[in-house]
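# Notes for the structure review
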Amino acid sequence: MALRGLEMARYLPLIARFVAQNLKSRLAYPADFWTGLASDLVHQAANLVFILVVFQHAPSLHGWRREEVVFIYGYFLVPFAVFHATAANLWDFADRYVVRGEFDRVLTRPLPSLLQVFLETMELESLLGAVTGVAAMAWAGRALGLDWRLADLAIFPVLVAGGVAIYYGIFIALAAVAFWTDSRTGLIPLLWNLNAYGRYPVDIYSRRLRFVFTWVLPLAFVGFFPAAYFLRRGAWGWYAALTPAVGALVLAFGVAVWSAGVRRYRGAGS
Amino acid sequence: MAIIEARQLTKEFRKFKSRPGLAGAFRDLFTRRYETVRAVDAIDLTVEPGEVVGYIGPNGAGKSTTIKMLTGILVPTAGHLLVNGCVPHRERERFVRTIGVVFGQRSQLWWDIAVRESFRLLQRIYGVPDAEYRRRLDELAGVLELGDLLDVPVRKLSLGQRMRCELAAALLHGPSLLFLDEPTIGLDVVVKLRIRDFLREINARHGTTILLTTHDLADIEALCPRVVILDRGRILYDGALDAIRRDGQGLEEVVRAIYQGEAVGGGAGAGPGGRRVPELGGGRAAEGGSAVEPEGGRQYGAGGAG
């Protein structure tokens, strides 16, 4: 793992270069850029309004107050924004790379194939979702009178990184399924909305679903558990300590599925 | 030492075989039938540094599959392969630094940014030092007359302009071996001529080895002293271009005759440096199976057709 980390550090200047170029090419189509931005904002506003409307009819949800649920959603928006902005290319990976054969070109370049796919298209305007999220957290945290500790400043990015890693792992694995099927759309457009399950208190779901979102598709580690930690909801908050480990595990799984898929694509057995 | 050395190189694919009719399609949902197709069938190919080789054959002959093995994209089913001193698929990232690849149907460049910026990204990807990069870009831009194109986004280039940029992009890291898969497809005559001139020039100036697949035999006549003719995964002819040209007969007709399994050239058919593969059109008898173990070579999983 440490070796992997070092290897990635070698690519940092290259990644920075690609980030800049992606931003530039997004700005080459100002209309797309602004509509992307606006639609993200509308989406986030609609989700917030939905939460507020629900709480007009019930004072609390399984013991969760309105501000707490807004806080969880706000927190969730941060890892989701980072994921959405950087992994946009996984969305139509099946069609663009496998069906249309662009993956051949990827394999003729001296970079890891997964890194190339990430770098080639980004939707960096989606990062604005993180700003919305932080604003929602600030508002809710104030209303709840949350006590922030200095250590939280260091813990926050670690938990966010863990959450992003979980999304990466899940969606890399789903994208890699394209190496085995000849389907044009792939699984990701079907399953994209799974991400919504990470942003509500996990105890509103049935026991079975709770188990699934904790230990099978560990989406609760992306938004809910870390947010519960900052809300000082002891029982759930403790799970947050596992977020980095779960992130590393799920990401490793995704990369393993990817590698197996690439081996298959290149016709090396299986 | 040879720059490309392939012995008994073979690639098989498992192809899904669909049943006819609606009922058949329904049955396919549950039990799929596969058949093994041998796209490249135990070919031997040796290319020396500085050669320009035309690799031709009808659609489905196995040209692209060969190129994909030689460039490290596909892993061979069987056989021995060494390109630029590497086993292409095994050390992919190290190997691809030493080659340039142009797929005529596909772009190496980023659609929305200026050509120059695509080039800069490629420079970073290949880790080309600044001074070397500038020198190469100057040279390539000069010979290909890229001048004004460098600041245009790729999406605004015509096909011919784009192809000139593609060639430059493939050579920025100074590869000693260049693979061109139908580089002149869809181009007008003027651009074709310019590209041929360019390829001749880099071959002469830098000794760049070129392997070219094309359906345009005029490309071959203009560029390739040596041709390799492939059909149904097997090499039908490998030798000097001159040796198969008959008096008063166009290359087109000669090649068509070879595809159809007729005898090649006059006399022995093996002109200077030419080598005719025995039993033209006579099936597989002459070469036996593909299970010949190459000596000292790397044998991949036998992966037979059965």
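Position numbers for residues start from 1 in each chain and track the written sequence from start to end. Naming scheme: in the order in which they are written, chains are lettered from A and ligands are numbered from 1. Reporting in this predicted model follows two pLDDT cut-offs: at least 70 for local features of residues, and 80 or more for side-chain atom pairs to be given and counted; totals over whole chains, interfaces and linings ignore these cut-offs and use all residues.

## Concerning the overall build of chain B
This is how the line gets drawn: The helix and strand labels rest on DSSP assignments: H or I over at least four residues marks a helix, E over at least two residues marks a strand, and numbering proceeds from the N terminus. Exposure criterion: with C-beta atoms placed from backbone coordinates, a residue whose C-beta has 20 or more other C-beta atoms within 10 Å is buried, one with 12 or fewer is exposed, and one in between is partly exposed. Residues are treated as contacting if the C-beta atoms built from their backbones sit within 7 Å of each other.
On a plain count of helices and strands, chain B comes out with ten helices and ten strands. Counting only residues that meet the buried cut, chain B has 43% of its 306 residues in that class. Intrachain contacts of chain B at a sequence separation of at least 6 include 72% that bridge at least 24 residues.

## Looking at the overall build of chain A
Applied cut-off: Put simply, the radius of gyration uses C-alpha atoms, and a globule should come to 2.2 Å times the residue count raised to 0.38.
Looking only at helices and strands, chain A features 14 helices and two strands. Taking 270 residues into account, the globule formula puts the C-alpha radius of gyration at 18 Å, and chain A, at 19 Å, falls close to it. Structurally, chain A occupies a C-alpha span of about 55 × 40 × 35 Å along its principal axes. Counted over contacts in chain A with a minimum sequence separation of 6, partners at least 24 positions apart contribute 78%.

## Focus on helix α3 (residues 30-57) of chain A
Side chains three or four residues apart in an α-helix point the same way, a direct result of the helix having 3.6 residues per turn. For clarity, the threshold we go by: A helix is expected to reach a length of 1.5 Å times the quantity of its residues less one.
The end-to-end C-alpha distance of α3 of chain A, which contains 28 residues, comes to 41 Å, matching closely the 40 Å that a straight helix rising 1.5 Å per residue would cover. With two of 28 residues buried, α3 of chain A is to be regarded as a mostly surface element.

## Some details on the packing of helix α2 (residues 12-27) of chain A against helix α4 (residues 115-126) of chain B
Our working rule: To obtain each axis, a line is fitted to C-alpha atoms, and for helices this fit is confined to the stretch in contact; angles are then taken between N-to-C directions over 0 to 180 degrees. Just so you know how the angles are binned, under 35 degrees is roughly parallel, over 145 roughly antiparallel, 65 to 115 roughly perpendicular, and the rest oblique. Here a crossing is called left-handed whenever its near helix is offset anticlockwise from the far helix by less than a right angle, and right-handed whenever the offset is clockwise.
Packing of α2 of chain A against α4 of chain B brings their axes to within 10 Å, and their N-to-C directions diverge by 165°. Taken together, α2 of chain A and α4 of chain B sit at an angle that is classed as roughly antiparallel. Seen from above, α2 of chain A lies across α4 of chain B with left-handed handedness. Residue-level contacts link L14, R17, F18 and Q21 of chain A of α2 of chain A to E117, L121, R124 and I125 of chain B of α4 of chain B.

## Remarks on the environment of T71 of chain B
Along the chain, the position of T71 of chain B falls in the loop between α2 (63-70) and β4 (78-83). For the pair formed by T71 of chain B and L241 of chain B, sequence separation is 170 residues and the distance between their alpha carbons is 25 Å. Excluding anything up to four places from it in sequence, T71 of chain B contacts T108 of chain A together with P88, I99, V101 and F179 of chain B.

## Describing the domain arrangement of chain B
Residue and element names in this part refer to chain B. Just so we agree on the cut-off: Boundary definitions for the domains trace back to an automatic or database domain assignment. Residues are sorted three ways: Asp, Glu, Lys and Arg are charged, Ala, Val, Leu, Ile, Met, Phe, Trp, Tyr, Cys and Pro are nonpolar, and all the rest, Gly among them, are polar.
One can read the domain layout of chain B as domain 1 (4-98 + 177-183 + 207-283) and domain 2 (103-174). Facing the five residues of domain 1 at the interface are eight residues of domain 2. The residue makeup of the side of domain 1 that touches domain 2, split by class, is two nonpolar, no polar and three charged.

## Re unusual backbone geometry
Backbone phi values are negative for most residues with the exception of glycine, while trans is the configuration of most peptide bonds. With a phi angle near 50°, H62 of chain A is a residue other than glycine that sits in the positive phi range. Structurally, the position occupied by H62 of chain A is in the loop between β1 (60-61) and β2 (64-65). Positive phi outside glycine occurs at E182 of chain B, with the angle close to 50°. Residue placement: E182 of chain B occurs in the loop between β6 (177-181) and α7 (189-206).

## Let's talk about α4 of chain B
The end-to-end C-alpha distance of α4 of chain B is 17 Å, a good match for the 16 Å that twelve residues give at a rise of 1.5 Å each. Taken together, the buried positions of α4 of chain B are occupied by V115, E117, S118, F119, L122, Q123 and I125 of chain B. Buried residues belonging to α4 of chain B abut α2 of chain A together with α5 (130-143) and α6 (159-171) of chain B. The positive-phi residue at the C-terminal boundary of α4 of chain B is G127 of chain B, with phi of around 60°.

## Some remarks on the confidence of the model for chain B
Stated formally: Residue-level confidence of the predictor, termed pLDDT, takes values from 0 up to 100.
Counting all residues, the mean pLDDT for chain B is 83, and 84% of those residues have values of 70 or more. Segment residues 265-306 of chain B: pLDDT under 50, and 70 contacts once partners within four positions in sequence are set aside and those in other chains are kept.

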